[in-house]
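What follows is each chain in one-letter form.
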Amino acid sequence: MIYRITYTGTGDKRKSAHPVKNREELLALRNSQENLDRLAKARQGDETAKADLLQLAYNIGHVEGLLAGCKSQGSFFFHDVDCYGSEYKDLILSKKEEIGLVMLEKSAKGGWHLVCRRVPGTTILENQVRVATILHVEMDTNTKDLQRVSFSTSGSEDDLPYLDDAIFEEPMSAEECEQEYQCLKERERKGLEQVPKGAKKANKHYRPWEEENVGNMERSIKRDEAAPSDSDSQSEVIPANDRTRFIFRECMKEEDVTEADLNEEGGRHNSVKVVLSHCNLLLTEGETLGVLKELMPDNWNDQNIRQLVKAYYTDYYNGYQRLTLFQKKVFRESRRMGNAQVMVPQESTEGQPSFTQDSLSKLFASATPPEIPASLPRLVKTVLQNTPQEFKATVAQAMFPPLATYPRKLSFVYIDNQPRELRINCLIIAPTGSGKDSCTKQPLIHIISEMKKRDKENRRRLKEFNDEFNGKAGNKEKPKRPEGLIIQTIKSDITKAALVQRMDEADSAPLYVRLNELEQWDQIEAKSGRANQFTTMKLCDDEDNDYGSDRAGTQSVMADGCLHLNWNANTTLGKAMRYFKFVLTDGPISRLCLATIPVDEDEYGTDISVFGKYGQEYDDALKPYIDNLKAATGEIDCSEAKKLARKLKKECAEFARLSQDRVFDNLSHRALVHAFRKACLLYAANGMKWERSIEGFCRWSLFYDLYLKMKIWGDKIRHADDDIQISKRGPQSLLTFLPERFTEDDAKHVRTKLGMNIEKTGNMISTWKKRHYVVQMADGSFEKVSLKPQNNE
């Protein structure tokens with residue numbers, strides 16, 4: 001995070017820290033006339049003016065008020081390369097992904113200030129040495145203190161060439177930041193820092209890459225950033241200590257595994273497996289082996305156990321996976337024991353998941369869905385600005401249906417050269433009381449508010465017409481239905497006739513409905529249970545569908561057209577599985593776009609999530625994007641969106657070939673179209689301008705959606721048609737199964753083998769004799785007659 005530093009008192013001044021909340025606030029501070037005047041003087045050599053420049057701090061996690069005594073370690077760190085000029089900007093930016101850059105600032109003296117992501121579990125000094133080694137630029141070894149403050153320059157592009165909005169949000173909680181501080185202090189005290197000896201000495205021009213052991217240091221930090229071990233050799237067994245025993249036993253309790261289970265013949269393999277699914281993110285491979293050596297001394301070194309442990313730290317380890325609530329709880333408690341460093345999952349330097357084929361395997365094996373990227377498109381960030389972190393993924397999926405309702409007659413050319421309209425839905429599947437409705441209610445209400453104002457007026461006009469129409473006697477002239485009665489936001493209890501009417505009067509504009517409970521969809525379909533084949537739901541996702549009604553009555557609704565209905569709905573897991581259990585392979589599930597809210601069922605008394613305020617300021621921030629969507633129309637060919645779709649299609653196809661999973665392959669086709677539509681919507685909302693972060697976000701959205709579908713319905717779909725049998729062959733002549741000369745017993749044997757009734761064997765042979773297919777010999781056996789094609793002339 002970024003903190004603005006001010007001073008309290010008039011005598012012995014003390015520093016006070018105040019968080020800078022967003023890009024706009026930061027630029028306002030940097031570009032204030034007072035700061036610009038002082039900067040101009042400072043660059044002319046005025047040291048007094050430099051000392052009065054805007055002061056910011058970047059190393060801190062959570063603090064409000066006095067800086068002195070702060071013990072909250074943040075996720076970012078400040079790095080000063082003040083001895084280098086403008087020519088080094090391109091070098092730094094070319095390495096931004098490798099060093100985890102989130103901000104680059106030109107200093108008052110013409111050098112550079114960097115703010116980068118800190119590798120969890122490593123000190124500021126370790127990270128500064130790492131960055132200096134990658135860039136081959138000298139560093140000052142005295143700039144490693146937590147409360148370090150820097151003088152800031154202007155917000156111009158020259159002075160601030162790079163700024164990632166991720167810097168404004170601290171990923172760790174206040175408690176985690178304090179625990180990280182204590183852990184790193186212990187790391188320093190025990191001499192565990194992976195830095196060359198020279199880094200510990202005061203030196204303003206230190207060159208770490210010139211020391212002999214820097215290679216070992218780099219490899220160690222890279223190992224921390226990736227996986228516990230990339231080696232195929234046997235890992236070193238680390239003796240168990242209080243912390244590692246505690247973690248492993250807590251994971252055993254989570255899966256109801258006892259020490260006896262670990263030593264039971266025939267069951268120990270699966271017992272170890274379920275425990276490893278929790279602890280491989282909390283313990284290193286060597287630490288796990290150390291605990292197993294104590295708990296199962298006779299079998300811990302068996303080949304199958306060692307191979308299983310190795311697999312969980314290579315094949316199934318996912319450094320980008322977020323910790324579950326249970327793992328976070330164990331992680332926090334274990335760190336207080338302080339026996340050794342705890343391994344935690346990492347983010348990529350871009351703050352987005354990197355979905356390689358290996359990481360996809362780990363993703364679908366994970367207990368939790370992939371975490372939303374830190375770098376988000378501008379519209380997504382605007383919608384999520386008041387949403388707590390735990391709900392951001394949910395709202396990011398749910399925001400698209402109402403937004404996609406604004407454009408009219410807008411489509412984008414897909415990779416199959418066919419147009420795709422912005423047809424989007426979102427079904428949130430999460431436990432009761434998890435906040436499904438509360439987390440999305442305000443964002444969705446404000447997104448759709450402009451449309452609802454117009455719909456409210458048209459509903460008033462419609463009511464006046466209905467009252468006047470019904471008030472006229474049968475022999476009186478009836479009023480004509482008013483024109484322009486466009487009502488896009490429909491009610492959940494709408495009938496099919498009313499839906500047809502809304503579609504007909506919408507003049508090709510999409511319709512939108514928000515359902516508090518998924519079961520309300522029965523009203524739209526006018527069917528429920530096994531009779532509900534979700535015909536309307538499937539039509540909503542299909543371009544150029546044919547929807548309407550034919551009626552004979554003069555007052556009946558008779559219209560036909562193309563139904564475009566975007567929708568949001570909520571449900572629980574049990575209800576969702578029951579609701580779609582009769583149509584698992586009939587289309588509705590593949591057309592869904594899913595979201596969830598992960599909840600730890602074993603945690604009680606959780607804190608209440610605090611949202612930001614939704615008011616005029618929030619509406620004003622949304623307005624430019626909504627205006628762009630309202631203005632968008634026609635058939636658009638977005639090359640960037642098509643390029644992304646091809647790339648995602650290739651990733652899905654490769655994973656389908658490697659996994660040989662037909663269910664994944666089938667579900668990925670429509671999920672890919674959903675991701676393409678979201679990318680196109682974000683492109684249109686930007687005024688037909690592409691953002692680099694759209695790719696990372698839509699890739700996440702695609703695999704987040706597929707993860708949930710596979711977790712919820714994967715096995716159900718896989719076995720849905722198991723009871724359906726298809727004939728493996730057509731009818732065959734039974735004579736072909738018999739020798740040239742055969743007996744009645746031979747014929748009975750053939751019929752038995754083919755599952756036929758043997759009692760009719762005599763009738764069969766009698767028919768063959770009459771048709772001259774066989775002749776009966778003197779000994780009672782039968783001989784085939786050579787069959788020739790009959791001449792029908």
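Just so we're clear, the structure is a prediction, and the values are computed from it rather than from any experiment.

### Topic: the overall build of the chain
Turning to step 1, where the next piece is worked out: From N to C terminus, the chain includes 30 helices and 21 strands.
Turning to step 2, where the next piece is worked out: Counting only residues that meet the buried cut, the chain has 51% of its 793 residues in that class.
Turning to step 3, where the next piece is worked out: Restricting the contact set of the chain to residue pairs at least 6 apart, pairs at least 24 apart contribute 75%.
Turning to step 4, where the next piece is worked out: When the accessible surface of the chain is split by element, carbon and sulfur atoms take 46% of a total near 39000 Å².

### Some words on the packing of helix α12 (residues 285-295) against helix α13 (residues 303-312)
When two helices pack together, their arrangement is captured by the angle between the axes and the distance separating the axes.
Turning to step 1, where the next piece is worked out: At a closest axis distance of 10 Å, the pairing of α12 and α13 adopts a crossing angle of 145 degrees. Handedness of the α12/α13 crossing: right-handed. Residue-level contacts link E285, L289 and L292 of α12 to I305, R306, V309 and K310 of α13.
Turning to step 2, where the next piece is worked out: The residue makeup of the contact of α12 with α13, split by class, is four nonpolar, no polar and three charged.

### Quick word on the packing of helix α9 (residues 242-254) against α12
Turning to step 1, where the next piece is worked out: Axis separation between α9 and α12 bottoms out at 10 Å; the angle between their running directions is 75 degrees. As summarised for this structure, α9 and α12 are arranged roughly perpendicular, according to the angle between their axes. Two secondary-structure elements touch here, α9 through R243, T244, R245, F248, R249 and M252 and α12 through E287, T288, V291, L292, E294 and L295.
Turning to step 2, where the next piece is worked out: Tallied by class, the residues present in the contact of α9 with α12 amount to five nonpolar, two polar and five charged.

### A closer look at the pattern of salt bridges
Turning to step 1, where the next piece is worked out: Applying the stated criterion across every chain, the model contains 44 salt bridges.
Turning to step 2, where the next piece is worked out: The shortest N-O distance in the salt bridge between R187 and E126 comes to 2.8 Å. A residue pair is termed long-range when its members are at least 10 positions apart, and R187 in helix α7 (residues 174-189) and E126 in helix α6 (residues 124-135) qualify at 61 residues. Neither R187 nor E126 differs from the other in exposure class; each is buried.
Turning to step 3, where the next piece is worked out: Within this structure, D541, D542, E543, R591, R670 and R677 form a network of salt bridges that share partners.

### What about the sheet that holds strand β18 (residues 634-636)?
Backbone hydrogen bonds are what pair the strands of a sheet, in a parallel or an antiparallel way.
Turning to step 1, where the next piece is worked out: Reading across the sheet, the three strands line up as β11-β10-β18 and stay open at both edges, with mixed pairing between neighbours. Across the chains shown, the open sheet's two edge strands, defined by having one partner strand only, are β11 (419-421) and β18. Adjacent strand axes in the sheet meet at a mean angle of 35 degrees, parallel and antiparallel pairs treated alike.
Turning to step 2, where the next piece is worked out: Pairing of strand β10 (residues 410-413) with β18 involves three bridges; the strand directions are parallel. The residue bridging S411 from the neighbouring strand is E635, located in β18.

### Description of unusual backbone geometry
Turning to step 1, where the next piece is worked out: For D256, which is not a glycine, the phi torsion comes out positive at approximately 55 degrees.
Turning to step 2, where the next piece is worked out: The topology assignment puts D256 in the loop between α9 and α10 (259-263).
Turning to step 3, where the next piece is worked out: The exposed category is assigned to D256, whose relative accessible area is 65%.
Turning to step 4, where the next piece is worked out: Positive phi outside glycine occurs at S508, with the angle close to 70 degrees.
Turning to step 5, where the next piece is worked out: Position of S508 relative to the elements: it lies in the loop between α20 (496-505) and β13 (511-515).
Turning to step 6, where the next piece is worked out: Its relative accessible area of 46% is what places S508 among the partly exposed residues.

### Observations regarding helix α29 (residues 744-753)
Turning to step 1, where the next piece is worked out: All of the buried residues in α29 are A747, V750 and R751. Relative to the axis of α29, the buried residues are bounded by an arc of 95 degrees and lie together on one face. Opposite the buried face of α29, at more than 90 degrees from it, the exposed residues are D745, H749 and K753.

### So, the environment of L325
Turning to step 1, where the next piece is worked out: When you line up the elements, L325 lands in helix α14 (residues 325-335).
Turning to step 2, where the next piece is worked out: For the pair L325 and V599, spaced 274 residues apart in the sequence, the C-alpha separation amounts to 7.4 Å.

### Considerations on the nonpolar core
Turning to step 1, where the next piece is worked out: By size, the foremost hydrophobic cluster in this structure holds 113 residues, and its most contacted members are F364, L379, F412, W521, F580, F697 and W713.
Turning to step 2, where the next piece is worked out: Examining the composition of this core, we find that 15 residues originate from one element, helix α27 (residues 662-685), more than from any other.
Turning to step 3, where the next piece is worked out: Apart from residues lying up to four places away in sequence, F412 is in contact with Q418, P419, R420, L422, I636, C638, F676, C680, Y683 and A684.
Turning to step 4, where the next piece is worked out: If you look at the next biggest cluster of nonpolar residues, it comprises 30 residues, including I247, C251, V272 and Y313.

### A look at the confidence of the model for the chain
Turning to step 1, where the next piece is worked out: Looking at the chain as a whole, the pLDDT averages 84, with 88% of positions reaching at least 70.
Turning to step 2, where the next piece is worked out: The lowest-confidence element of the chain is helix α8 (residues 214-225), averaging 43 in pLDDT; the highest-confidence one is helix α18 (residues 400-403), averaging 96.

### What about the side chain of N425?
Turning to step 1, where the next piece is worked out: With respect to the helices, strands and loops of the structure, N425 is situated in strand β12 (residues 425-429).
Turning to step 2, where the next piece is worked out: Classification of N425 by relative accessible area gives buried; the value is 6%.
Turning to step 3, where the next piece is worked out: Within the structure, the side chain of N425 is placed 2.9 Å from the backbone oxygen of R591, a separation counted as a polar contact.
Turning to step 4, where the next piece is worked out: Not counting the four nearest positions on each side in its chain, N425 is found in contact with P401, W567, R591, L592 and C593.

### Regarding the side chain of S781
Turning to step 1, where the next piece is worked out: Among the structural elements, S781 can be located in the loop between β20 (774-776) and β21 (782-784).
Turning to step 2, where the next piece is worked out: Discounting residues that sit within four places of it in the chain, S781 has contacts with R741, F742, T743, V775 and Q776.

### Structural notes on α9
Turning to step 1, where the next piece is worked out: Across its 13 residues, α9 extends 18 Å between first and last C-alpha, which sits within 8% of the 18 Å expected from 1.5 Å per residue.
Turning to step 2, where the next piece is worked out: Where α9 is concerned, the buried positions are R243, T244, F246, I247, F248, E250, C251 and M252.
Turning to step 3, where the next piece is worked out: Backbone nitrogen of R243 and a side-chain oxygen of the N-cap are separated by 3.0 Å at the start of α9; the cap is N241.
Turning to step 4, where the next piece is worked out: Just beyond α9, the residue with positive phi is D256, at close to 55 degrees.

### Observations regarding the sheet that holds strand β17 (residues 594-595)
Turning to step 1, where the next piece is worked out: With respect to topology, four strands assemble into an open sheet ordered β13-β16-β12-β17, the strand pairing being parallel. In the strand order of this sheet, the two ends are held by β13 and β17, each with one partner.
Turning to step 2, where the next piece is worked out: Bridge count between β13 and strand β16 (residues 565-571): five bridges; the pairing is parallel. Within the sheet, the bridge partner assigned to V513 lies in β16 and is W567.
Turning to step 3, where the next piece is worked out: Of the strands in this sheet, β12, β13 and β16 are in contact with helix α19 (residues 436-471), which crosses β13 at around 155 degrees.

### Examining the packing of aromatic side chains
Turning to step 1, where the next piece is worked out: Applying the stated criterion to the full structure yields 19 aromatic pairs.
Turning to step 2, where the next piece is worked out: With 5.1 Å between their ring centres and 45 degrees between their planes, W521 and W567 make a pair best called tilted. Taken as a pair, W521 in helix α21 (residues 521-525) and W567 in strand β16 lie far apart in primary sequence, 46 residues in all. With respect to class, W521 is no different from W567; both count as buried.
Turning to step 3, where the next piece is worked out: Where Y683 meets W690, the ring centres are 6.4 Å apart and the plane angle is 50 degrees; that geometry is what we call tilted.
Turning to step 4, where the next piece is worked out: Overall, Y683 belongs to the buried group, its relative accessible area being 11%.
Turning to step 5, where the next piece is worked out: Given the relative accessible area of 25%, W690 is considered partly exposed.
Turning to step 6, where the next piece is worked out: Here a set of aromatic residues connected by ring pairs shows up, and it is made of F400, F697, W700 and Y704.

Rules used in this analysis
- Residues numbered from 1 in each chain as written.
- Predicted model: local features only at pLDDT ≥ 70, side-chain atom pairs only at ≥ 80, totals over all residues.
- Heavy atoms only, no water.
- Helix = DSSP H or I, 4+ residues; strand = E, 2+ residues; numbered from the N terminus.
- Buried < 20%, exposed > 50% of the residue type's maximum accessible area, 1.4 Å probe, protein only.
- Contact = heavy atoms within 4.5 Å.
- Areas by Shrake-Rupley, 256 points an atom, 1.4 Å probe, with all protein chains shown as cover.
- Axes fitted to C-alpha atoms, helices over the stretch in contact; angles between N-to-C directions.
- Left-handed = near helix turned anticlockwise from the far one by under 90°.
- Nonpolar A, V, L, I, M, F, W, Y, C, P; charged D, E, K, R; others polar.
- Parallel < 35°, antiparallel > 145°, perpendicular 65-115°, else oblique.
- Salt bridge = Lys/Arg side-chain N within 4 Å of Asp/Glu carboxyl O.
- Pairing = 2+ DSSP bridges.
- Arc of directions from axis to C-beta.
- Core = buried A, V, L, I, M, F, W, Y, C linked by side-chain atoms within 4.5 Å.
- pLDDT = per-residue confidence, 0-100.
- Polar contact = N/O pair within 3.5 Å; in protein donor to acceptor, adjacent residues only side chain to side chain.
- Expected span 1.5 Å × (residues − 1).
- Phe/Tyr/Trp six-rings, centres within 6.5 Å; stacked < 30°, edge-to-face > 60°.

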